[in-house]
Amino acid sequence: MDVKIEQSWKDVLQNEFSKPYFLQIAAHLKTEKAIGTTIYPPGSLIFNAFNQTPFHAIKVVILGQDPYHGAGQAMGLSFSVPNGIASPPSLINIYKELHSDIGMPIPTSGNLTKWAAQGVLLLNAALTVRANEPASHSKIGWMNFTDAVIKIISDEKKGIIFLLWGKFAQEKQYLIDETKHFVLKAAHPSPFSADKGFFGCKHFSKTNQLLMQQGLNPIDWHI
């Protein structure tokens, strides 16, 4: 199947695109669109995380669960919203931790494309969602695909820093070879759990310390 995705990802994921589960995802989305179902993000942004952060450029992976399901919010990058859209509660808490950790002023924009451009793969476990129905596409095959993505990153790269926030993300830990990668775990930044271990985790400064230990440039987290 010819998927419109950045070339370095196309090369490493080519086998996945021809597997039955992936063809099933494509058929499912096509069927829903044919009956007028609104799906987020727009088709051109489904693979935005991959297009913004080529395979060869990855330094950090931040794993989210599901795209935002409100109008105009989802842009194919975990936790990110386009310019002009109010930052959702989890992102506000991420910004609060950044302020506490590195002194970053709280941004007015929720657009995290600048992180992606520096090698932060902002990956959701499911890449689409029906409007106003959270987790509505979590069982159509996306988990097979994004699990394969994590496994390929683990197998073919080294020194990647995985930020696993919350139980869902931490269940993916088994896919990561911790003899050659780094895993930082904390509670989810959601208002329901941020005070149970996300606030104070200092993952942003720790990530930069780990990058610099490897002789790599740190991430400029400022938006």
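Residues numbered from 1 in each chain as written. Predicted model: local features only at pLDDT ≥ 70, side-chain atom pairs only at ≥ 80, totals over all residues. Heavy atoms only, no water.

Trainee: Before we move on, could you go through the sheet that holds strand β3 (residues 120-124) and cite the residues and values that matter?
Mentor: Sheet architecture is open: four strands sit in the order β3-β2-β5-β6, paired in parallel fashion. In this open sheet, the two strands that pair with only one neighbour each are β3 and β6 (182-186). In this sheet, neighbouring strand axes are inclined to one another by 20° on average, regardless of whether the strands run parallel or antiparallel. Note that strand β5 (residues 161-165) and β6 share five bridges and pair parallel. Looking at the pairing, F162 lines up with V183 of β6. (Pairing = 2+ DSSP bridges. Helix = DSSP H or I, 4+ residues; strand = E, 2+ residues; numbered from the N terminus. Axes fitted to C-alpha atoms, helices over the stretch in contact; angles between N-to-C directions.)

Trainee: Help me get a handle on the nonpolar core, residues and values and all.
Mentor: Among the nonpolar cores identified, the biggest contains 67 residues, and W9, F47, F50, W115, W142, F145 and I153 are the most heavily contacted of them. At six residues, helix α6 (residues 142-156) tops the list of elements feeding residues into this core. Residues in contact with F47, not counting those within four places in the same chain, are V3, K4, I5, F22, L127, W142 and F145. (Core = buried A, V, L, I, M, F, W, Y, C linked by side-chain atoms within 4.5 Å. Buried < 20%, exposed > 50% of the residue type's maximum accessible area, 1.4 Å probe, protein only. Contact = heavy atoms within 4.5 Å.)

Trainee: Which residues make up the packing of aromatic side chains, and what values do they have?
Mentor: In this structure the tally under the stated criterion is 19 aromatic pairs. On the basis of an interplanar angle of 75° and a centroid distance of 6.1 Å, the ring pair of F47 and F145 is categorised as edge-to-face. Here F145 lies in helix α6 and F47 lies in the loop between β1 (39-40) and α3 (48-52), a separation of 98 residues in the sequence. F145 carries the same exposure label as F47, and that label is buried. Summarising the aromatic geometry, the rings of W142 and F145 are spaced 6.0 Å apart at their centres and angled 65° between planes, so their arrangement reads as edge-to-face. In this pair, W142 and F145 both sit in helix α6, three residues apart, roughly one turn of the helix. No difference in accessibility class separates W142 from F145, as the two residues are buried. Here the aromatic residues W9, F17, Y21, F22, F47, F50, F55, W142 and F145 are joined through ring pairs into a cluster of three or more. Positioned over the ring face of F55 is K157, at 4.8 Å from the centre of the ring. (Phe/Tyr/Trp six-rings, centres within 6.5 Å; stacked < 30°, edge-to-face > 60°. Lys NZ or Arg CZ within 6 Å of the ring centre and 35° of its normal.)

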